[in-house]
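In case you want the letters, here they are:
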Amino acid sequence: MESFMPLHSVIAVEQSIREDLAFVDGQFRILAVAARPDSDLVNLRVGTLYGEHRAVADVPSALRDQLQVGTVVCCTGWPEVFDKHEALYLEIADLLPPEQCTLHHCPVAGLPVVGAEAVRKIAELIDTEIRNPAVAQAAHGLLSQPKIFSAFFLKPASVVCHHAEPGGLAQHSLEVAQLVCAIPARYYGEPINRDIAIVAAVLHDIGKIQLYRSADEPYRMNDTSHETRTIGLVGPMIAWLEQHEDIGVAEMLMHLLSVDSRAEHASCVAAAAITMADRISATCSSSAIAFADAPSYYRHVIRDMGNGRTKKHIRAVERHRAPPYVSSTAAVADASDATGEEGAMD
């Protein structure tokens, strides 16, 4: 299949800037745009996952009206000095179609630390774990859309239950995907099944970006589940995959993101993997919150989950050993040496 990914990597652009080379060639996302007085040039602030830059751009008249915040531009350029300030002079050749944008184009300034770290790790996971180029490109294209990107990497995964901090939604989604990746590939059958499972793991809670709203966002109906909202947000990606890959791939992704796939008896290994990974990640976070302020000898804690609900978390507590651990055999040997009797213990 022909790849729709751009020829020039944004990583190469940033590398050339860091090394102070005289020429850069690649893509940037526009963060701010303003006309320069008495000039055909345009003032821009551009950036990627790796940094932000001040730029002055020469834009073809056919593209000038299409420049807006969030647009990714294909350009060449070099460092120059404008108005006594160092900036990049860019010659913009084209605009990148939305489905070709990647997380590498998205600046992380303004995101919480947890969210910013999740951007890098999810981008790396998509690049290294997904073999099918259309599936990887579709995931990058959806997550890099400005309205989805900022909300997904900023908002929590829940109000109280788990990953309730800013950036928690992306962190939880990353953990679920990492757990899905950890399952040996042979269990998924064909590699495409594993690819779709990884993407579904990253996107399984994306509908929550419409449930947890900030003060400047419109009110939405609370009785519409986040699973339903997830299908609505991922719909364009599913349609794109049907056109550029195969209808079976698109249908599989839609199934894994639907409530039907989370039944007690999962329809496939991918569905079971996502369901269990989701529970493991959520329980791990909830348990960490529960025991955060508890004394080390507590074996269980009951959390108040709000609305009259509680949840009990349990853990094992060792009486005789503390980190760093030694093996039981070594402990018996040490005790024998100390007492002169084989196998003597306290």
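Here the structure is a predicted model, which means the values were calculated and not measured.

What counts and what doesn't
- In this numbering scheme, every chain counts its residues from 1 along its sequence in written order.
- For this predicted model, a pLDDT threshold of at least 70 governs which residues receive local features, and a threshold of 80 or more governs which side-chain atom pairs are given and counted, while totals over whole chains, interfaces and linings are taken from all residues.
- Hydrogens and water molecules were not included; the side-chain quantities draw on all heavy atoms of the structure.
- In this analysis the probe radius is 1.4 Å and the grid spacing 1 Å, with only protein atoms considered; a cavity is a set of points the probe fits into but cannot get out of, a pocket is an open set with protein on both sides within 12 Å along at least five of seven lines, and lining residues have an atom within 4 Å of a point.
- Grid points are joined across faces, edges and corners, and a volume is the space filled by probe spheres set on the points.
- Each helix is a run of DSSP H or I of at least 4 residues and each strand a run of E of at least 2, with the numbering of both proceeding from the N terminus.
- DSSP bridges decide pairing: two strands pair if at least two such bridges lie between them.
- Working convention: axes come from line fits to C-alpha atoms, limited for helices to the stretch in contact. Angles between N-to-C directions cover 0 to 180 degrees.
- When a carboxyl oxygen of Asp or Glu is within 4 Å of a side-chain nitrogen of Lys or Arg, the pair counts as a salt bridge.
- Exposed residues in this analysis have more than 50% of their type's maximum accessible area, buried residues have under 20%, and partly exposed residues fall in between, with area computed by a 1.4 Å probe over protein chains only.
- Any pair of Phe, Tyr and Trp rings, taking the six-membered ring for Trp, is counted once the centres come within 6.5 Å. Such a pair is stacked with planes under 30 degrees apart, edge-to-face with planes over 60 apart, and tilted for the rest.
- To count toward a patch, a residue needs a relative accessible area over 30% and no salt bridge; like charges are then connected within 9 Å, while nonpolar side chains (Val, Leu, Ile, Met, Phe, Trp, Tyr) are connected within 5 Å.
- In short, Shrake-Rupley with a 1.4 Å probe defines the accessible areas, and a residue's cover is counted only from the protein chains shown.
- Cysteine sulfur pairs qualify as disulfides if the two atoms are within 2.5 Å.
- Contacts between residues were defined by any pair of non-hydrogen atoms, one from each residue, lying within 4.5 Å.
- What makes a nonpolar core is a set of buried Ala, Val, Leu, Ile, Met, Phe, Trp, Tyr and Cys residues whose side-chain atoms join them at distances within 4.5 Å.

Looking at the layout of surface pockets
Where empty space is left in the structure can be found by rolling a water-sized probe over the atoms.
Next up, step 1: Approximately 380 Å³ is the volume attributed to the largest pocket.
Next up, step 2: Taken together, 21 residues form the lining of the largest pocket, with His162, Lys208, Asp278, Arg279 and Ala282 sitting closest to its centre.
Next up, step 3: Listing elements by their share of the lining of the largest pocket, those giving two or more residues are α8 (226-244) and α10 (269-291).
Next up, step 4: Counting residues per element, the lining of the largest pocket draws most heavily on α10, which supplies 7 residues.

Concerning the sheet that holds strand β1 (residues 24-35)
Next up, step 1: As summarised here, the arrangement of the 5 strands in space is β1-β2-β3-β5-β4, forming a closed barrel in which the pairing is mixed. Averaged over all pairs of adjacent strands, the angle between strand axes in this sheet comes to 50°, irrespective of strand direction.
Next up, step 2: Here strand β4 (residues 72-82) pairs with strand β5 (residues 85-95) via 10 bridges, running antiparallel. Across the sheet, residue Gly77 finds its bridge partner in β5, namely Leu90.

Overview of the pattern of salt bridges
Next up, step 1: Within the structure shown, the criterion is met by 6 salt bridges.
Next up, step 2: For Glu52, the salt bridge goes to Arg45, with nearest N and O atoms at 2.8 Å.
Next up, step 3: When its relative accessible area of 34% is taken as the criterion, Glu52 is described as partly exposed.
Next up, step 4: Overall, the relative accessible area of 37% leaves Arg45 in the partly exposed class.
Next up, step 5: Between Asp83 and Arg54 there is a salt bridge, with the nearest N and O atoms lying 3.9 Å from each other. You can see Asp83 sitting in the loop between β4 and β5 and its partner Arg54 sitting in strand β3 (residues 51-58), a full 29 residues away along the chain.
Next up, step 6: Residue classification places Arg54 among the partly exposed positions, given a relative accessible area of 33%.
Next up, step 7: Connected through salt bridges with shared partners, the residues Arg36, Arg54 and Asp83 form a single ionic network.

Some thoughts on the packing of aromatic side chains
Next up, step 1: Inspection of every chain in the model, using the stated rule, returns 5 aromatic pairs.
Next up, step 2: When the ring of Phe82 is compared with that of Tyr89, the centres are 6.3 Å apart and the planes differ by 25°; the resulting orientation is stacked. Take Phe82 and Tyr89: they sit in the same class, and that class is buried.
Next up, step 3: With 5.1 Å between their ring centres and 50° between their planes, Phe149 and Phe153 make a pair best called tilted. Comparing Phe149 with Phe153 shows no difference in burial state: the two are buried.
Next up, step 4: Following the ring pairs from residue to residue traces out a cluster consisting of Trp78, Phe82 and Tyr89.

Regarding a nonpolar patch on the surface
Next up, step 1: On the surface, Leu179, Met276 and Ile280 cluster together to form a nonpolar patch covering roughly 250 Å² of accessible area.
Next up, step 2: Assignment of secondary structure puts Met276 in helix α10.

Some details on the pairing of strand β7 (residues 309-314)
Next up, step 1: Pairing between strand β6 (residues 300-306) and β7: 6 bridges, direction antiparallel. Each bridged residue has a counterpart across the sheet, and for Gly306 the counterpart in β7 is Arg309.
Next up, step 2: The hairpin formed by β6 and β7 contains 2 residues between the paired strands, and Asn307 there has a positive phi angle of roughly 55°.

Some words on the state of the cysteines
Next up, step 1: A full pass over the atoms with the stated rule returns 0 disulfides.
Next up, step 2: Cysteine Cys74 remains unbridged, with the sulfur of Cys75 as its closest cysteine sulfur at 7.5 Å.

Let's talk about the side chain of His163
Next up, step 1: For His163, the position within the fold is in the loop between α5 (146-152) and α6 (168-182).
Next up, step 2: In contact with His163, other than residues within four places in its own chain, are Pro156, Ala157, Ser158, Gly168, Leu169, Gln171, His172, Glu175, Ser281, Ala282 and Ser285.

A word on the nonpolar core
Next up, step 1: The biggest cluster of nonpolar side chains holds 61 residues, and the ones touching the most others in it are Phe152, Phe153, Leu203, Met237, Leu241 and Leu253.
Next up, step 2: Looking at this core, the elements that each hand over two or more residues are α3 (113-129), α4 (133-143), α5, α6, α7 (191-203), α8, α9 (247-257) and α10.
Next up, step 3: Here this core takes 8 residues from α7, the largest share from any one element.
Next up, step 4: Membership of the second largest hydrophobic core comes to 19 residues, among which are Phe28, Val42, Leu90 and Ile92.

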